[in-house]
Structure formats: structure tokens, C-alpha cells
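Here is what each chain is made of, one letter per residue.
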Amino acid sequence: SVMEPLDIKATNDTPRVLLDPENNLFEISGRSLPEDVVSFYQPILDWLDDYLLNPLPKTEFVFKYIYFNTATSKLVQDILIKLEHLQEAGFEVQVIWYYEQDDEDMLDLGMEFKENVNIPFEIIEY
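Residues numbered from 1 in each chain as written. Predicted model: local features only at pLDDT ≥ 70, side-chain atom pairs only at ≥ 80, totals over all residues. Heavy atoms only, no water.

Visitor: Describe the environment of Ile8, listing the residues and the values that go with them.
Guide: Its location among the elements puts Ile8 in strand β1 (residues 6-8). Put simply, Ile8 and Trp97 are 89 residues apart on the chain and 19 Å apart in space, counted from C-alpha to C-alpha. Dropping the residues within four chain positions of it, Ile8 is found in contact with Pro15, Arg16, Val17, Phe40 and Ile44. (Helix = DSSP H or I, 4+ residues; strand = E, 2+ residues; numbered from the N terminus. Contact = heavy atoms within 4.5 Å.)

What follows is the structure, given as C-alpha cells:
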């Protein structure tokens, strides 16, 4: 059975999150500076733990952040580690990291994350 999607609408301080296996959409986009980063991201991490038990053959995970605070980067790393486990379990994983043209910070962060995990990781300017 396909998991229920996790669908969180964006706010000024929190990103849009859509994790929808039925339509093969996994995307986090926007700004991430919630007051309590852990409580915002915990449902995402919990959802991914469930997803790891019954994943699609291929998972393409898209990050399209405009901005995030330092606390968020730890949680992004946690998400990437789960995706790494998925690949280690024999499933296909692709991460796509979008950054806005001329946004050196998001480009640098993408490159840093790419170095830290052993999964296919594409960085794309838009």
C-alpha cells in the first residue's frame, strides 16, 4: 500500500513540504527558519523512516531552498542520511539541489552536502 502523502504548506518561516510517493514527488522548497527547527522537521524524519520500510524503486528528492538558518542545515543532513540508507538498501536515489542564480550561499551549501553524503547529488541553478 502506498503511504499517505505528507503535505505541509509554506509560511514565511517554514518551507513547503510535499512527500507524495503515489505521484513520485519529494520536495522541500522555500525558506526555513522555524523557531523550533526540530519540531518542524521531526514529522518529516518520521515520515521518511516509514517510507524507508516500503520505498519506491527510485526516489528523486528535490531541495529548492531560498534560505535556511544554521539549525536547519543539521536537519537537512539528517534527511540526506536517511536517503543514503535507502541507497545502501539497494534502492535508487537521486538528490537534486536547486539554487537561485547568483545565490553563492545556497550553491556552497549544496556542494558541502554533496561532499558529505555518498549518493547521486545534482546541483542545478535556476
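Now, onward.
Visitor: Can you lay out the sheet that holds strand β6 (residues 121-125) for me, pointing to particular residues and giving the numbers?
Guide: In space, the 6 strands of this open sheet follow the order β1-β2-β3-β4-β5-β6, with mixed pairing throughout. Of all strands in the sheet, those bounded by a partner on one side alone are β1 and β6. When strand polarity is set aside, the average angle formed by the axes of neighbouring strands in this sheet is 15 degrees. Sheet topology places β1 next to strand β2 (residues 16-20); 3 bridges connect them, and they run antiparallel. Its bridge partner lying in β2, Leu6 is registered against Leu19. (Pairing = 2+ DSSP bridges. Axes fitted to C-alpha atoms, helices over the stretch in contact; angles between N-to-C directions.)

Visitor: I'd like a description of the environment of Ile28, backed by residues and values.
Guide: Turning to its location among the elements, Ile28 is positioned in strand β3 (residues 25-32). Considered as a pair, Ile28 and Tyr65 are 37 residues apart in the sequence and their alpha carbons are 7.1 Å apart. Once you skip the residues sitting within four places of it in the chain, Ile28 turns out to touch Pro15, Arg16, Val17, Phe61, Val62, Phe63, Lys64, Tyr65 and Ile79.

Visitor: Which residues make up helix α3 (residues 104-116), and what values go with them?
Guide: Taking 1.5 Å per residue as the helical rise, α3 with its 13 residues ought to reach 18 Å, and the 18 Å between its terminal C-alpha atoms agrees with that figure. Buried residues of α3: Met106, Leu107, Gly110 and Phe113, and no others. Axial view of α3: buried residues confined to an arc of 125 degrees, hence all on one face. What points out from α3, more than 90 degrees from its buried face, is the exposed set Asp105, Glu112 and Glu115. Tucked into the core, α3 has its buried residues touching β4 (58-68), α2 (70-88), β5 (92-99) and β6. (Expected span 1.5 Å × (residues − 1). Buried < 20%, exposed > 50% of the residue type's maximum accessible area, 1.4 Å probe, protein only. Arc of directions from axis to C-beta.)

Visitor: Give a detailed account of a negative patch on the surface, specifying residues and quantitative values.
Guide: A cluster of like negative charges, contributed by Asp102, Glu104, Asp105, Asp108, Glu112, Glu115 and Glu125, occupies part of the molecular surface. Top element by residues in the negative patch is α3. It accounts for 5 residues. Locating Glu115 in the fold gives a position in helix α3. Accessibility expressed as a relative area gives 71% for Glu115, which makes it exposed. (Patch = residues over 30% accessible without salt bridge, like charges linked within 9 Å, V, L, I, M, F, W, Y side chains within 5 Å. Areas by Shrake-Rupley, 256 points an atom, 1.4 Å probe, with all protein chains shown as cover. Salt bridge = Lys/Arg side-chain N within 4 Å of Asp/Glu carboxyl O. Lys, Arg positive; Asp, Glu negative; His and termini not counted. Charge placed at Lys NZ, Arg CZ, Asp CG, Glu CD.)

Keep in mind that these numbers describe shape and distance, not what the molecule does.
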